[in-house]
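Given next are the chains, with one letter for each unit.
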Amino acid sequence: MLGKEKRCIALQLEMGFNLWCLFKIPWFISTEQLVRPNETLTLFRKMVLEGVRPDGFTMVSLLTASAELGVLALGRGAHVYMLKVGLDKNLHAANAFLDLYAKCGNVKEAEQVFDELEEDSVVSWTSLIVGLSVNGFGEKALDLFKEMERKGFVPTEITFIGVLYGYSYCGLVDKGFAYFERMQKLFV
């Protein structure tokens, strides 16, 4: 195993990534690479060519990179692989699936992933709200936000952006301003 870990570190250093190490995980794509999705894909390719089996962390990083680049086919392939090997059973993976489909404009699949969640988080709700809003389903996004609030989830800054997008896409600018004022009173 040590040989694979050394190759992983050597490849990551070769590509100029700042690392933080998890000793039990032989391949780990760092959070810095998530801001550089092309490099994440390059590192993933090298990893596969080295014959290293990706773990859940790596696959979530691949899904995130696919979402950022809008490469739905690659993300779907990663989703299928994760289902096949059982890496799809946690909330981080589910949220990455949601984000992928929402960012790539496949709202129907994003909604399906959301509906099938065994557990959810504010990240799950926010991913779908933003995805619906930016894909022209503002009213659905606003309804989902109201449901999220009823269930007791506290919105994040990103949730607020999704809600404001929703009002904007619906042409409800006055309601959007009213909501913005509410946000300032309640959450600032």
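Calculation rules
- Residues numbered from 1 in each chain as written.
- Predicted model: local features only at pLDDT ≥ 70, side-chain atom pairs only at ≥ 80, totals over all residues.
- Heavy atoms only, no water.
- 1 Å grid on protein atoms, 1.4 Å probe; cavity = no way out; pocket = protein on both sides within 12 Å on 5 of 7 lines; lining within 4 Å.
- Points joined across faces, edges and corners; volume = space filled by probe spheres on them.
- Helix = DSSP H or I, 4+ residues; strand = E, 2+ residues; numbered from the N terminus.
- Nonpolar A, V, L, I, M, F, W, Y, C, P; charged D, E, K, R; others polar.
- Salt bridge = Lys/Arg side-chain N within 4 Å of Asp/Glu carboxyl O.
- Buried < 20%, exposed > 50% of the residue type's maximum accessible area, 1.4 Å probe, protein only.
- UniProt positions renumbered as here; feature names shortened; annotations may be inferred.
- pLDDT = per-residue confidence, 0-100.
- Contact = heavy atoms within 4.5 Å.
- Patch = residues over 30% accessible without salt bridge, like charges linked within 9 Å, V, L, I, M, F, W, Y side chains within 5 Å.
- Areas by Shrake-Rupley, 256 points an atom, 1.4 Å probe, with all protein chains shown as cover.
- Lys, Arg positive; Asp, Glu negative; His and termini not counted.
- Charge placed at Lys NZ, Arg CZ, Asp CG, Glu CD.

**Q** Could you give me a rundown of the layout of surface pockets, with the residues and numbers involved?
**A** In this structure, the second largest pocket occupies an estimated 390 Å³ of space. Taken together, 16 residues line the second largest pocket, and the ones lying closest to its centre are D88, A94, V113, E116 and L117. Contributing elements (two or more residues each) for the lining of the second largest pocket: α4 (72–85), α5 (91–103) and α6 (107–115). Top contributing element to the lining of the second largest pocket by residue count: α5, with four residues. Classifying every residue of the lining of the second largest pocket gives seven nonpolar, three polar and six charged.

**Q** Mind laying out the pattern of salt bridges, listing which residues take part and the relevant values?
**A** Overall, the coordinates contain six salt bridges when judged by the stated rule. One salt bridge in this structure joins K103 and E68, with 2.5 Å as the shortest N-O distance. Taken together, the residues K103 in helix α5 and E68 in helix α3 (residues 56–69) connect sequence positions 35 residues apart. Looking at K103, the relative accessible area reads 42%, which means it is partly exposed. Since its relative accessible area comes to 43%, E68 is described here as partly exposed. The residue R182 makes a salt bridge to E149 at a minimum N-O spacing of 2.8 Å. Taken as a pair, R182 in helix α10 (residues 173–187) and E149 in helix α8 (residues 138–150) lie far apart in primary sequence, 33 residues in all. Judged by relative accessible area, which is 27%, E149 ranks as partly exposed. If you follow the salt bridges from partner to partner, you end up with E68, D99 and K103 in one network.

**Q** Go over the UniProt feature "repeat: PPR" (unreviewed entry) in the protein chain, please, and point to the residues and values.
**A** The positions that UniProt labels "repeat: PPR" (unreviewed entry) are, in the present scheme, residues 90–120 and 121–155. Along residues 90–120 one finds 71% helix and 0% strand; the C-alpha atoms at either end are 10 Å apart.

**Q** Which residues make up the confidence of the model for the protein chain, and what are the values?
**A** Overall, the predicted model of the protein chain reaches an average pLDDT of 80, with 81% of residues at or above 70. At the low end of the mean pLDDT range in the protein chain sits helix α1 (residues 2–14), at 50; at the high end sits α6, at 95. Long-range and interchain partners of residues 11–34, a stretch whose pLDDT sits below 50, account for 54 contacts in this model, where long-range means more than four residues apart.

**Q** Would you mind going over a positive patch on the surface in detail, with residue names and values included?
**A** A cluster of like positive charges, contributed by K146, R150, K151 and K175, occupies part of the molecular surface. Note on placement: K175 falls in helix α10. Overall, K175 belongs to the exposed group, its relative accessible area being 51%.

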